[in-house]
Amino acid sequence: MNESKKLLEINELSISFGGLNAVTDVNFYINSGEIFGLIGPNGAGKTTLFNMITGVYLPTKGNVTFDGKVVSGKKTYQINNIGIARTFQNIRLFREMSAIDNVMLAMNKETNYNLLQCIFGTSKYVSEEKKIFDKAMKLLDFMGIAEFYNYKAMNLPYGQQRKLEIARALASDPKLLLLDEPAAGMNPTETAELADIVRKIREKLNVTILLIEHDMSFVMSLCERIVVLDYGKLIANGTPQEIKNNPKVIAAYLGGE
Amino acid sequence: MDKLRKKRLLNNGIAIVLVIVLYVLLEILIRTELLNPIGFTSDFFKKMFINIILAVSLNLVTGFLGQLSLGHAGFMSVGAYTAALITIHADLPIYIEFPLALLAGGLMAVVFGLIVGIPCLRLKGDYLAILTLGFGEIIKVIMTNLKGLTNGASGLNAIPSYSKFGYVYFISILTVYIIYKFIKSRHGRAVISIRENEIAAESCGVNLTYYKLFAFLIASFFAGIAGGLYAHNIGYIAPKTFDYNYSIEILIMVVLGGMGSITGSVVAACALTIIPQLLKYMNLGQYQMLLYSIILIAIMLFRPYGLMGKYEFSLSKLLNKGKRASQGGTENE
Amino acid sequence: MDIFILQLINGLSLGSIYALVALGYSMVYGIVKLINFAHGDIIMVSCFTMYTAMEIAGLPLLVSIPLTLILTAVLGIIIEKLAYDRLISKGVERISLLITAIGVSIFLQSTFQLIFKADSLRYQAFLPSKTISLFGIEPSLKSVVTIIVSLVLMLALTLFVKLTKVGKAMRAASEDASAAKLMGINTSNVVAFTFAIGSLLAAVAGILYFESYPRIEPYMGGMLGLKAFVAAVIGGIGSIPGAMAGGLILGVAEAMTVSIGLSSYSDAVVFGILIIMLVLKPSGLFGKNIREKV
């Protein structure tokens, strides 16, 4: 927002599954500090795009650059390590682990002790564990779910599970956060609260955000720029106002030609 | 902070005392030969604690990592042969030779773990089950055919009986402690997250292949150690000692106790050492495997989480029970 | 050269037995994603049934064979209904299914061990041990019969799966079991039927196997089944032509290992091939790359 530096660039990105082109020649970029929306009808290839950005799928053509470096071809965990974190459309928490352990897990790379130190319970081990425990508690508090830190993830109510997943994604100190339908299944109050949280993540934690969402008022009020996918192709790119008035977008959503 | 440290020291102190008390009690039981008539001899108790090592280490792979391994006895075999060959051929004092032999056995098992683990642990799916099962069989073939080294099918005998009950007991306790610590560490969290959801784990920065291999190799190492202890307890090993059925016996301990519960593995290892001994005592030994298979199917059908689920016994929780109750504990299922 | 071709025919004969067994693994895995560890023991059961019918009950060959085939297929269905059906419909974790399968396997082994004791039994092979003359080489009659019977069965299975209604339901369930269910296919019955066909093929494999290796014992199914599963993985699990190709490759590789005098290492060779395959092409020769939906 302030510094218009390109953080993420999507170049000619395409993928096909067994002859079916799920995403075709998509180009756009996200500036550092933006809240960026990715919308489109069901099956338009939005989540597939997320999966290519995070290395779950390998694009058949094109690439993704992050911070000026090509990330396509790297493994998912490596992409997380260089600063891209995500949530999932169908929540994927570590169900049997406690909320705090879910978050602490994502700090593995910055936790600095080896096997021997943990076996002997050295002060290094104790202090490192305490460091990430405190940081994880702060994140849970930031998301407003600190009181549930000791609950198994599977025992949290649905809305809290969504928040926990965001907390977990933030735990790896990402520069870019990908949110896949964060407001799905939420009521209007919860959705409004979520919008505040997303803004707060950008302001307080300095994280750029790319989100997929079906709730139009949520996207339009929150995002500074939006791209629209339809049948795997990018059909519009602009500010919420431009998107709203774009005839192609209206056609795609109404199912016309 | 200081108060916490004091409490931890106190809990550790109590735990150490309990471990020693149990040792003294068992040692008395063994020395007085009180239970010898029903077959609970010193060999029996050693076998029990060796089984604990095996069950707890396999639980790391099958319970915590969520990968099925069917060749745990194969790694045990590697450890047993390596350790036995060292103590038979080396001419060193026991207090150097025996730890060295055990360690070498464990490390050799790790080497074989790498050979088995690398091709299949980078893949998703049930490949580990197949390859470990095959591995158990191949080890048998190799040990039978390397006649110059292993004396073929007739096996190695005259292995010195170094495995005194005390050694087995304390190594077993140490193993349980190390694996428990591992599970509670950042490494343990990574391993469990893979079981819970591979894709999410990887998206959180967990290197799947690295941690799968890590857990698998630790388990192999302890299986190798257990093999070394076994060889120096019985004094005789042959390729068929460590067959598929032994691997399955260990798996049943893990499943019965609860995949993902170290406490469960310990309890089940004890129970499944006692039961066959009692069956043998009652002349029903031939029904052991049939009974095991029924236990296995019944657990999966009616109680898939095993006896203990994912419960862990914790001394500090037990001691703090009163305090906890007032805070409204939230972590139980 | 002639010896080489003879060994090749022996290998193809063994390989076609692996292929028949591999088909059972592959079809079941395709639909319920279960490595049915008890499948190898089905072979053992079929052999003991055959032995009981021929040697103990003294039934004629033409009664014994159909009886064995029917009983084995029924056993396949019973196992599926008693042990797996509940778990599959509950949608439990795969590791629970695998462990159940191992339980069933040990159950069959130990039951037959208790009934027939440990000693291995023999029965009189019904095919004569002679060679026949074929394009100047003289393979044994048994090998040739084994290869022909297997080929015919595999062809029949391919046509069955392609053309019949049940076959189509099987393919649909294999593609996407829950979608097939929504389309009105009774997947539970399809699974049971798949087990029946797999067991039937295993029974044929068992009978053919014992023409060439006439010794039966309760644990014989373990290694045979495992190798057949390896064949299914090499060919690409879930693929019918893959199971055939994988079986033949393993059979030939094993026969060649034996022919150069390393028979005691033949098991190691089988798993060596598996390891190489997993490194080079984990989805197998005919397998599809399956993407998990995220």
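Residues numbered from 1 in each chain as written. Chains lettered and ligands numbered in written order. Predicted model: local features only at pLDDT ≥ 70, side-chain atom pairs only at ≥ 80, totals over all residues. Heavy atoms only, no water.

**Considering the overall build of chain B**
- Within chain B, the regular secondary structure consists of 15 helices and 0 strands.
- Here the C-alpha atoms of chain B give a radius of gyration of 20 Å, agreeing with the 20 Å that 2.2 N^0.38 yields for 333 residues.
- For chain B, the C-alpha atoms occupy an extent of roughly 65 × 50 × 45 Å along the three principal directions.
- Considering only residue pairs separated by 6 or more positions, chain B has 81% of its internal contacts joining residues 24 or more positions apart.
- Carbon and sulfur atoms provide 66% of the accessible area of chain B, an area that totals close to 13800 Å². (Helix = DSSP H or I, 4+ residues; strand = E, 2+ residues; numbered from the N terminus. Rg over C-alpha atoms; globule rule 2.2 N^0.38 Å. Contact = heavy atoms within 4.5 Å. Areas by Shrake-Rupley, 256 points an atom, 1.4 Å probe, with all protein chains shown as cover.)

**Regarding the interface of chain C and chain B**
- On the side of chain B, 40 residues touch chain C, which itself brings 41 residues to the contact.
- With both chains or domains summed, chain C and chain B bury close to 3600 Å², and 77% of this area falls on carbon and sulfur atoms.
- If you sort the residues of chain C by the area they bury against chain B, C:I99, C:I106 and C:L114 come out on top, with a joint share of 16%.
- Counting the contacts that link chain C with chain B gives 0 salt bridges.
- Remark: the boundary between chain C and chain B carries 6 residue pairs in polar contact (both at pLDDT 80 or more).
- In terms of residue count, helix α4 (residues 94–116) of chain C provides more of the side of chain C that touches chain B than any other element does, 14 residues in total.
- Classifying every residue of the side of chain C that touches chain B gives 28 nonpolar, 6 polar and 7 charged. (Buried area = accessible area lost by both parts, 1.4 Å probe. Salt bridge = Lys/Arg side-chain N within 4 Å of Asp/Glu carboxyl O. Polar contact = N/O pair within 3.5 Å; in protein donor to acceptor, adjacent residues only side chain to side chain. Nonpolar A, V, L, I, M, F, W, Y, C, P; charged D, E, K, R; others polar.)

**Overview of the packing of aromatic side chains**
- In this structure the tally under the stated criterion is 35 aromatic pairs over all chains.
- Between B:Y210 and B:Y211 the ring centres are 5.0 Å apart and the planes differ by 90°, which places this aromatic pair in the edge-to-face class.
- One aromatic cluster is present, built from ring pairs that chain together B:Y23, B:F49, B:F165, B:Y169 and B:F170.
- Sitting over the face of the ring of A:F88, A:R92 holds its NZ or CZ atom 5.6 Å from the ring centroid.
- Positioned above the aromatic ring of A:Y113 is the side chain of B:R186, whose terminal nitrogen or guanidinium carbon lies 5.4 Å from the ring centre. (Phe/Tyr/Trp six-rings, centres within 6.5 Å; stacked < 30°, edge-to-face > 60°. Lys NZ or Arg CZ within 6 Å of the ring centre and 35° of its normal.)

**Focus: a nonpolar patch on the surface**
Residue and element names in this part refer to chain B.
- Together, L92, I94, Y95, I96, L100 and Y167 line one region of the surface with nonpolar side chains, adding up to about 600 Å² of accessible area.
- For Y167, the location among the structural elements is in helix α7 (residues 165–184).
- Take Y167: its relative accessible area is 41%, and that puts it in the partly exposed class. (Patch = residues over 30% accessible without salt bridge, like charges linked within 9 Å, V, L, I, M, F, W, Y side chains within 5 Å. Buried < 20%, exposed > 50% of the residue type's maximum accessible area, 1.4 Å probe, protein only.)

**Quick look at the side chain of C:D41**
Residues and elements named next belong to chain C.
- For D41, the position within the fold is in helix α2 (residues 39–56).
- A distance of 2.6 Å separates polar atoms of two side chains, one belonging to D41 and the other to S105.
- In contact with D41, not counting residues within four places along its chain, are S105, L108, Q109, G221 and G222.

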